[in-house]
Amino acid sequence: MRKLIAGNWKMNGLGADGLALARDLAKRAGRAPLAAELLICPPATLLAAAGEAIAGSGILLGGQDCHTRQHGAHTGDISAAMLRDAGCSYVILGHSERRTDHHESDALVCAKVKAAREAGLVAILCLGETAGERDAGRTLEIVSRQLAGSLPEGLGAAELVIAYEPIWAIGTGRTALPADVAGVHAHLRAALKGKVAAPSEVRLLYGGSVKPANARELLGLANVDGALVGGASLNAADFWAIAEAAA
Ligand code: PGA
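Residues numbered from 1 in each chain as written. Predicted model: local features only at pLDDT ≥ 70, side-chain atom pairs only at ≥ 80, totals over all residues. Heavy atoms only, no water.

**Student:** I tried to follow the layout of surface pockets on my own but got confused; where do I start?
**Tutor:** Remark: the empty space left among the atoms is shown by a probe the size of a water molecule rolled over them. Approximately 550 Å³ is the volume found for the largest pocket. Around the largest pocket, the lining is made up of 20 residues, and of these Met11, Gln64, Asp65, Arg98 and His102 lie nearest the centre. The class makeup of the residues in the lining of the largest pocket is 8 nonpolar, 6 polar and 6 charged. As a volume, the second largest pocket reaches approximately 210 Å³. As for the second largest pocket, its lining consists of 21 residues, of which Lys10, Gly171, Val229, Gly230 and Gly231 are closest to the centre. Considered class by class, the residues forming the lining of the second largest pocket number 7 nonpolar, 11 polar and 3 charged. (1 Å grid on protein atoms, 1.4 Å probe; cavity = no way out; pocket = protein on both sides within 12 Å on 5 of 7 lines; lining within 4 Å. Points joined across faces, edges and corners; volume = space filled by probe spheres on them. Nonpolar A, V, L, I, M, F, W, Y, C, P; charged D, E, K, R; others polar.)

Dropping the structure here:
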């Protein structure tokens, strides 16, 4: 399975910086094609410019969220159809920052995954437990519940990516132990049976303080088919080094 390295820029990047980052990555991709698939998810304001900068490089473009509807009176929102129109092929959905900041429920995330599929986007569905839930030994219960509630029925493996992101590891510099990541990913793989066609072909990403220094070990684990990278994706050299570790 070809690994996916996805960069989640979050609410970062003004025109010049964002463009320089996208161009830098495109230049690297032109020099040395990667074994892994590379995806950048810039803020909506930079999609068009970043898309132009990476055109022809093989790097893919994604959004960070979408509405459940494709158009209409929803001030401030962006639809999956609009993301597709802007050149995206992926969209991150159910990220813990949206679940927390915008009180997104599993049911809402499920409706967004459906909207993404309708528009022809691959959904990167994010799951993960809080520090308290982890300390209480509830990690598997929490991710199972999130998966059951936010994954619509009938998706094919090519329409879906799952990202396991322990909330306590996001942006903190703390990474989950490899054995724990492997355990959760094995659990997710098994939990996908009966929920999607060809569950063994769904890519399962790990996210949470992925850096060049820990990427090779994490990406070498069974059932880890890529990474969702936040902070380190804002630096072209770091993001590239993570992508190279996915060989
Ligand atoms: P981080 O973010 O790599 O900065 O921890 C990961 C994410 O939130 O997707």
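**Student:** Hey, could you run me through the site of the ligand in this one?
**Tutor:** Near the ligand you find 13 residues, and of these Lys10, His95, Glu165, Gly171 and Ser209 are the closest. Interatomic distance of 2.7 Å between a side-chain N/O atom of histidine 95 and an oxygen atom of the ligand. Contact between the ligand and glutamate 165: an oxygen atom at 2.7 Å from a side-chain N or O atom of the residue. In isolation the ligand has 280 Å² of accessible area, and contact with the protein removes 97% of it. (Near = heavy atom within 4 Å. Polar contact = N/O pair within 3.5 Å; in protein donor to acceptor, adjacent residues only side chain to side chain. Areas by Shrake-Rupley, 256 points an atom, 1.4 Å probe, with all protein chains shown as cover.)

**Student:** Looking at this structure, how should I read unusual backbone geometry?
**Tutor:** Excluding glycine, a negative phi dihedral is what most residues carry, and trans is how most peptide bonds are arranged. Phi is positive for lysine 10, close to 55°, though the residue is something other than glycine. Topologically, lysine 10 is positioned in the loop between strand E1 (4-8) and helix H1 (15-31). Even without being a glycine, histidine 103 presents a positive backbone phi close to 50°. Here histidine 103 is to be found in the loop between helix H4 (96-101) and helix H5 (106-118). (Helix = DSSP H or I, 4+ residues; strand = E, 2+ residues; numbered from the N terminus.)

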